[in-house]
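Commentary on secondary and tertiary structure
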Amino acid sequence: MARRPRTLLVNPPLWNVYAPHLAVPLLTAALRDHGWPVTAFDLGAVHLRWMLTAQTVAGLRSRYDRADELGLDPAAVDEARLLLPSVCDGVEAAWATVHAPARLRDHTAFTRAARTLGNALVCHSAAFAGFHCDLRSNRQHYSERSSTSVLAATRDRDRNPYRWAFETLLPPRLTDPELGLVGISVSADTQLIPAMTVAALVREHRPDLRIVMGGNYITRIAGRWRDRHPFFDLVDDFILYEGEDAIVALCENLFEGGTRPVPGRGSLTPDGRLRFAPARDVDLATLPTPDFDDYDLDSYLAPGPVLPVLASRSCAWDCAFCSIPFASNRYRHRDAAAVVDEMQYLARRHGSTSFMFVDEIMTQRTLREVGAELVRRDAGLHWYGETRFAAGLDDALAARLHASGCRRLDLGLESYNQRVLDLMRKGTRIEHIEPNIEALLRAGVPVHLFCITGFPGERAEEARRTAAFVERTLSRSKEEFGLPYSTSVNGPFILDLLSPVGEHPERFGITVLHPGPDEDVALSVDYVAASGLTGSEAAVLAAEADALPDTGRTAPLQHRGLIGESEEYAFLRCVLDTGVPPGRPAARPAVFTPAPGDPPRLADGVTWRVSDGTGTVGLYAAGADSILRLPARWAGLLSDLDKGVRSDPWDDDTRDVLCTLWTFGFLADPHRHATPLPAGPAPGLRVRAAPGWRERVDPETGRARMTSLVTGREVVLNVHAFLLWLDHAEGGQPTAADWDAVTDMIRVELLQAYRAEDPVTTEAGSGVEAGRDNA
């Protein structure tokens, strides 16, 4: 009997960089169960690891040297050149640090490592025109909303960072002469350009291979096609909905002359029309155990690893904003004993006791049955998942969940207003929300709250009520229940064409602004609402809800797309009870007073260079993660500071620059001449605005959102604090009544203190310019 051809299954970036995705391991297991040779390739994880190596980062210099030719942003390239030495020196150690569970307790080391990895992403961003590498969307020059743009990206190694990387990473996987099929799984729009780039490279290197593409996102976009789509130029087959049965049937048809229908497979009719075969539910009782054997489970950003499992498929609800029911078959759930069997097997095989349920919703039945089975077996595993607010989530169930190893539950709060919840068809009663949360927190289970701002018809005061409830809940979690691991995320409403709102906009009082023909694969669209918040107003309110609280308060852990601030890390921190890393250190509450005869020196890890063609000199302080730009005339002072030589005399401009360098960590510790701030106003003590702050004021509330372009710190000031900051911006002596607020603003770097006998002035002409895009 002839050997069966091998299938290569590819998970492209960008999905979840913190843990493996479940789709390819399930398809791998299905093929192996039926005797088909298969190799699973998580290109997303391999690509991430490749990006975060010293060799790859150092190689970006060759692209910076071609900045004009490639159309790169000069300021971004200048910043990347500042960061590059510290990144190349520290990126390998940083990778090791974030993969060591014990380092989750060492907040200083972990924060330093996360910062280094984040700066590596800044270096990658600067190497491609229009690229913003944030590990969530990785926005680039080309748009995933246009098939023309997607296909153009597949051919462009200069502006498509995936083409540039995959030319190195993919060809070695295509050399197997027994390879017959390449399957590409696409779950999100962020994977579309990488997936089609994979297909293009397979076509170039192995035109003999068959290419098939499927997954949740393919189901949503291809399900609307009625004719042959241009993507068929690169892909032979598209399959909709669930793939475990389909991939086996496809192999039988392609390589063994099989004739049974391939569920969800698209085919062209003689008149050129596109038809998809009916989808078929996979029997979850026969679902194979996911096969992760081909994966390097140390190639994800979170230690563990945190392995995905499922207890059910699809969703039993039909929320108005959600398209999940469109892109999945009917709701089904698995037997709890089979689920726990799978978890225990994977724990033994891969040495991990951490799991995430990837169910769209874990119903209370699933929570009760899986929780009871884990408790009965005393499994010693930890897990988290997503559920809904409902009457049955009480103290007894919460205690059982904690006993079973649950250390986080995600809940779709969406809004803390019954009227808005009813508009959403959420099926949630507001009277259940707080009791459910309290039951979980009492049991020791942190919560994560999903919020949506600006659902059609929602008013501004309702959005603010939700934000206030979330802030109060996170504060209670930390202060009252001793759980600093609860988190939240608040985003503006996005209109999905396949959601009930998108399909019946007239029922929700909106007018859809359909995209033009050039955005033919776009699923999210703009709209006009007859009442309530506009889209732009919702975006502002959602951003405010996720901003740091008022000056002087400690912010709870938030999801902001930074390395180390993912749901996997929040979960693992709770499992290990590591505490939460503090926010960025506040400025020292002291006054800069240079000591005669003791010349200051630049701190270790400070790099500086005169920028090409900009007339500025840029500095980067690795220890403080601060970036500063000065006019090029200050290069002489920096050279003296490098050598520890003092240039006399120091005029006001020089003192201004030195004060700024000291405040943001550019001067070495032994030479940070400072005296502690007094307990109250003192003769000769003045304060003035620190450089590099940008303010945005809400006209309705008067609150100001302050963003430091030096450090990336964000602070929200109430009306009184903002007016106080404005009063002292040009320099002034604070009063006793304002002293507490002033010292708070010094601690968060909004104000700088100085002595009248050593004046520094805001308008001294030093030309200090802040620049910070990577904080």
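Residue indices begin from 1 for each chain and proceed along its sequence in written order. Predicted model: local features are reported for residues with pLDDT of at least 70 only, side-chain atom pairs are reported and counted for 80 or more only, and whole-chain, interface and lining totals are derived from all residues. Computation of side-chain values: all heavy atoms of the structure, hydrogens and water removed.

Turning our eyes to something else, we now look at the packing of aromatic side chains. Centres within 6.5 Å are what make two rings of Phe, Tyr or Trp a pair, Trp counting through its six-membered ring; a difference in plane orientation under 30 degrees is then read as stacked, over 60 as edge-to-face, and the rest as tilted. For the structure shown, the criterion picks out 19 aromatic pairs. Of the aromatic side chains, those joined through ring pairs into one cluster are Trp50, Phe128, Phe131 and Trp164. Charge-over-ring placement is defined geometrically: NZ (Lys) or CZ (Arg) within 6 Å of the ring centre, and within 35 degrees of the ring normal. One residue, Arg408, lies across the ring of Tyr384, its end atom 5.8 Å from the ring centre.

Take the pairing of strand E1 (residues 6-11) next. Of all six residues in E1, five are buried; the element is thus mostly enclosed. With five bridges joining them, E1 and strand E3 (residues 179-185) adopt parallel strand pairing. Within E3, the position partnered with Leu9 by the bridge is Gly183. Pairing geometry for E1 and strand E2 (residues 38-42), over five bridges, is parallel. Looking at E2, one finds that Val10 is bridged to Phe41. Following the backbone out of E1, through helix H1 (residues 23-33) and into the adjacent parallel E2, one traces a crossover that is right-handed. The classification of residues rests on relative accessible area computed with a 1.4 Å probe and restricted to protein chains. Under 20% of the type maximum is buried, over 50% is exposed, and intermediate values are partly exposed. Helix numbering and strand numbering both begin at the N terminus, where a helix is a DSSP run of H or I of at least 4 residues and a strand a DSSP run of E of at least 2. DSSP calls a pair of strands paired once it identifies at least 2 bridges connecting them. If the strands point away from the viewer and the path from the first strand over the helix to the second runs clockwise, then the crossover is right-handed.

We now examine helix H13 (residues 336-350). For a helix, the expected span equals 1.5 Å multiplied by the residue count minus one. Look at H13: 21 Å from first C-alpha to last across 15 residues, which is about the 21 Å you get at 1.5 Å a residue. Where H13 is concerned, the buried positions are Ala336, Val339, Val340, Glu342, Met343, Gln344, Leu346 and Ala347. The secondary structure elements touched by the buried residues of H13 are strand E8 (306-309), strand E11 (354-357), helix H14 (364-377) and strand E12 (382-387). Whenever a nitrogen or oxygen atom comes within 3.5 Å of another N or O atom, the pair is scored as a polar contact, on the condition that within protein one atom can donate a hydrogen and the other can accept it, and that pairs from neighbouring residues in sequence are kept only if both atoms are in side chains. Its side-chain oxygen placed 3.1 Å from the backbone nitrogen of Ala337, Asp335 serves as the N-cap of H13. Downstream of H13 by a residue or two, Gly351 has a phi angle that is positive, lying close to 70°. A contact between two residues is defined here by any heavy atoms of the two lying within 4.5 Å.

Here the protein chain averages 87 in pLDDT, and 89% of its residues register 70 or above. Every residue in residues 586-590 is under pLDDT 50, and counting partners more than four places away or in other chains gives 22 contacts. Per-residue confidence from the predictor is given as pLDDT, running between 0 and 100. Contacts of residues 757-775 to residues separated by more than four positions or lying in other chains number 64 contacts, the stretch itself having pLDDT below 50.

Backbone-to-backbone hydrogen bonds join strands into a sheet, with any given pair of strands oriented parallel or antiparallel. Strand order in the open sheet formed by five strands is E2-E1-E3-E4-E5, with parallel pairing between adjacent strands. The outermost strands of the open sheet, each flanked by one partner alone, are E2 and strand E5 (237-239). Sheet twist, expressed as the average angle between the axes of neighbouring strands with direction ignored, equals 20°. Packed on one face of the sheet, helix H2 (residues 43-51) meets E1 and E2 and runs near 45° to E2. Fitting a line to C-alpha atoms yields each axis, with helices limited to the stretch in contact; the angle taken between N-to-C directions then spans 0 to 180 degrees.

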